[in-house]
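# Working through the structure, step by step
Listed below are the residues making up each chain.
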Amino acid sequence: MSKVAIVTGSAAGLGKGIAERLIKDGFKVVLHDINEAVLNKTTEELKAQGADVIGVVGDVSSYDDQENLVKRAVSEFGQIDVFVNNAGIDAVTPFLKIEASELERVFKINVNGTVFGTQVAAKQFIKQGSKGKIINACSIAGHESFEILGTYCASKHAVRSFTHTAAKELAKHQITVNAYCPGIAKTEMWDRIDAAMVKHSDGKLQPGEPFANYTAGIALQRYQQPSDVANLVSFLASDESDYITGQAILTDGGLVYR
């Protein structure tokens, strides 16, 4: 019997890559995103390739939307086995310019969204009487704090903390909770970070230099590909990871060491 995975923030980008890998691994996948147009496009694209998927529109910062997500998954596929809290946003602001609106926006999605997703998934696993796997999107920013990324880093530190707490409390139900911690990839997020670092450098940096400077420190001498992260999530979603819980695993090519 095929297992069922939910992946939030999976209409595009890293989330889509994770969903595609889990489909390759034999999972039925529930795609979830706030962007309905892109979600519908991705859902139809994957269905055309023979994948057993559905798309559910929703906002991870809403507990009711997360609860509806699980209900839709169970209604369609009968159960869930894996829940990936992938959805998240970034923020690039010098510390002295961080405003309340930024803190609220980032924490609402990155932290509240992860907590709510973990809660609704765990309740469904307990209801099913089955083991379950919850996999959270953390980051190297959940292990180390970086300049002008204060709000983002703080949110990912919170994700790592909630991962530890949930793992301890849910272990008695045979529910594991782990996190994957990506490093530096050539993504839209890093394009924004690069531009912001240049903007706030008082003319000391040129476009592309911040990205080059950060990637120069990677021991394996290349920036990250989506498959590098999807490979780790694939393992954490598999039975081979049953004895691993409460871990926030770095997949950064050798940049942050913990």
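Residues numbered from 1 in each chain as written. Predicted model: local features only at pLDDT ≥ 70, side-chain atom pairs only at ≥ 80, totals over all residues. Heavy atoms only, no water.

- Under the annotation held in an unreviewed UniProt entry, the protein chain carries the name diacetyl reductase [(S)-acetoin forming] and is attributed to Vagococcus silagei.
- Under the UniProt heading Sequence similarities (unreviewed entry), the entry covering the protein chain gives this text: "Belongs to the short-chain dehydrogenases/reductases (SDR) family."
- Here the protein chain is described in UniProt, under the heading Function (unreviewed entry), as follows: "Catalyzes the irreversible reduction of 2,3-butanediol to (S)-acetoin in the presence of NADH." (UniProt positions renumbered as here; feature names shortened; annotations may be inferred.)

## Considerations on the state of the cysteines
- By the definition in use, this model includes zero disulfides.
- Cys138 takes part in no disulfide bond, and the closest cysteine sulfur to it belongs to Cys181, at a distance of 3.8 Å.
- The class of Cys181 is buried, set by a relative accessible area of 0%. (Disulfide = S-S within 2.5 Å. Buried < 20%, exposed > 50% of the residue type's maximum accessible area, 1.4 Å probe, protein only.)

## Some remarks on the UniProt feature "active site" (unreviewed entry) in the protein chain
- According to UniProt, the feature "active site" (unreviewed entry) maps to Tyr152 in the numbering used here.
- Among residues more than four places away in sequence, those in contact with Tyr152 are Ile89, Asp90, Ala91, Val106, Asn110, Ser139, Ala141 and Met189. (Contact = heavy atoms within 4.5 Å.)

## Observations regarding the pairing of strand β6 (residues 175-182)
- The element β6 is largely enclosed, with a buried count of eight among its eight residues.
- Of the two faces of β6, the one holding Ile175, Val177, Ala179 and Cys181 and the one holding Thr176, Asn178, Tyr180 and Pro182 are both buried throughout.
- Of the pairings in the sheet, the one linking strand β5 (residues 132-137) to β6 comprises six bridges and is parallel in character. Along β6, the bridge assignment pairs Ala137 with Tyr180.
- Since β5 and β6 lie parallel, the crossover through helix α5 (residues 150-170) that links them has a hand, and here it is right-handed.
- As paired elements, β6 and strand β7 (residues 248-251) share four bridges and run parallel to each other. Following the sheet pairing, Pro182 is matched in β7 by Thr251. (Helix = DSSP H or I, 4+ residues; strand = E, 2+ residues; numbered from the N terminus. Pairing = 2+ DSSP bridges. Right-handed = clockwise from strand over helix to strand, strands pointing away.)

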